[in-house]
Amino acid sequence: MQPKTQDDLFRFLDSLGIAHTTKRHEPVFTVAESVSLRDEIPGGHTKNLFVKDKKDNYFLLTVEEHATVDLKTVHTIIGGASKVSFGRPEKLMEYLGVIPGAVTAFGVINDAGQNVKIIIDADLMKDEIVNCHPLTNDATTSIASKDLLRFIEATGHEPLVLKVTS
């Protein structure tokens, strides 16, 4: 099955009545590369970690861009069966329909099989506006943090808001 496009994502957000704005920019692959956009795009900016445990349970951790996640202990918070490691790019594409460098909470729109548990860091939810890549890394889409949770629920996923950062 082909992954959803930005246009598919925007139509889905529109169908839910979720306001969103998108700013196009040069592709960015890391938080460091995206810092230059901060003055142009207000709100909380995200870092996304696609991880798995030894039982092949997959998790997407969406946190504030400068936050630190302890990969040695986060499994105890998110319900992993063991310490987590990064998921392979093939699984990232299969489950979330994105490539490394474009990982985003919006990727759950592609996870029809509910293979990935999505965790939003509690600290990120303090921001009124959250910014995520719209399935590619050459744009940033801004939505209200409460609407991000509504979007995730509308995809059939249960968004878990947990404190996963230090």
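Along each chain, residue indices are assigned from 1 in the same order as the chain's sequence is written. Since the coordinates come from a predicted model, pLDDT governs what is reported: local features require at least 70, and pairs of side-chain atoms require 80 or more to be given and counted, while whole-chain, interface and lining totals use all residues. To get the side-chain values, all heavy atoms of the structure are used, and hydrogens and water are removed first.

As annotated in an unreviewed UniProt entry, the protein chain is DNA-binding protein from Pararhizobium polonicum. UniProt positions are given in the numbering used here, feature names are shortened, and annotations may be inferred rather than shown by experiment. Recorded in UniProt under Sequence similarities (unreviewed entry), the annotation for the protein chain is "Belongs to the PRORSD1 family."

Glancing now at the overall build of the protein chain. When helices and strands are counted, the protein chain shows five helices and eight strands. Counting helices and strands in the order they occur from the N terminus, the protein chain gives α-β-α-β-β-α-β-α-β-β-β-α-β. We compute the radius of gyration over the C-alpha atoms and compare it with the globule rule, which gives 2.2 Å times the number of residues raised to the power 0.38. Computed over its C-alpha atoms, the radius of gyration of the protein chain comes to 15 Å, within 12% of the 15 Å expected for a compact globule of 166 residues. Principal-axis analysis of the C-alpha atoms places the extent of the protein chain at approximately 40 × 35 × 25 Å. Exposure classes here rest on a 1.4 Å probe applied to the protein chains alone. A residue is buried below 20% of its type maximum, exposed above 50%, and partly exposed in between. For the protein chain, buried positions account for 50% of its 166 residues. Residue pairs in contact within the protein chain that sit at least 24 positions apart in sequence constitute 68% of those at least 6 positions apart. Secondary structure elements follow DSSP: runs of H or I of four or more residues count as helices, runs of E of two or more count as strands, with numbering from the N terminus. In this description, contact between two residues means that some pair of their heavy atoms is separated by no more than 4.5 Å.

Quick look at the pattern of salt bridges now. Opposite charge on two side chains permits them to pair, given that their charged atoms come into close proximity. Think of a salt bridge as a Lys or Arg side-chain nitrogen and an Asp or Glu carboxyl oxygen that are within 4 Å of each other. One pass over the full model with this rule turns up seven salt bridges. Linking arginine 88 and glutamate 90 is a salt bridge whose minimum nitrogen-to-oxygen distance equals 3.1 Å. When its relative accessible area of 49% is taken as the criterion, glutamate 90 is described as partly exposed. For the salt bridge of aspartate 123 with lysine 126, the shortest nitrogen-to-oxygen distance reads 3.3 Å. Salt bridges here are not isolated pairs; linked through shared partners, they connect Asp123, Lys126 and Lys163.

To continue, consider the pairing of strand E6 (residues 129-132). When DSSP finds two or more bridges between two strands, those strands count as paired. Looking at chain direction, strand E2 (residues 44-52) and E6 are connected through two bridges and run parallel. Residue pairing in the sheet places histidine 45 in a bridge with asparagine 131 of E6. Bridge count between E6 and strand E7 (residues 139-144): four bridges; the pairing is antiparallel. Among the inter-strand pairings, asparagine 131 is bridged to a residue of E7, identified as serine 142. Count of turn residues in the E6/E7 antiparallel hairpin: six residues, of which leucine 135 carries a positive phi of about 80°.

Moving on, we get to the packing of aromatic side chains. The aromatic pairing rule takes the rings of Phe, Tyr and Trp, using the six-membered ring of Trp, and pairs them if the centres are within 6.5 Å, calling planes under 30 degrees apart stacked, those over 60 edge-to-face and the rest tilted. This model, assessed by the stated rule, comprises four aromatic pairs. Pairing phenylalanine 12 with phenylalanine 151 gives two aromatic rings, centres 5.9 Å apart and planes at 75°, and the pair type is edge-to-face. Residue phenylalanine 12 is found in helix H1 (residues 6-15), and its partner phenylalanine 151 is found in helix H5 (residues 145-154); the two are separated by 139 residues along the sequence. Look at phenylalanine 12 and you get partly exposed, because its relative accessible area is 23%. Assessed through its relative accessible area of 0%, phenylalanine 151 is described here as buried. An aromatic cluster is built from Phe12, Phe106 and Phe151, whose rings are joined through pairwise contacts.

Turning to unusual backbone geometry, a few remarks are in order. Unusually for a residue other than glycine, aspartate 56 sits at a positive phi of about 60°. Mapped onto the secondary structure, aspartate 56 falls in the loop between E2 and strand E3 (58-64). Within the chain, glutamine 114 stands out as a residue other than glycine whose phi angle is a positive 55°. On the secondary structure map, glutamine 114 appears in the loop between helix H4 (89-96) and strand E5 (116-121).

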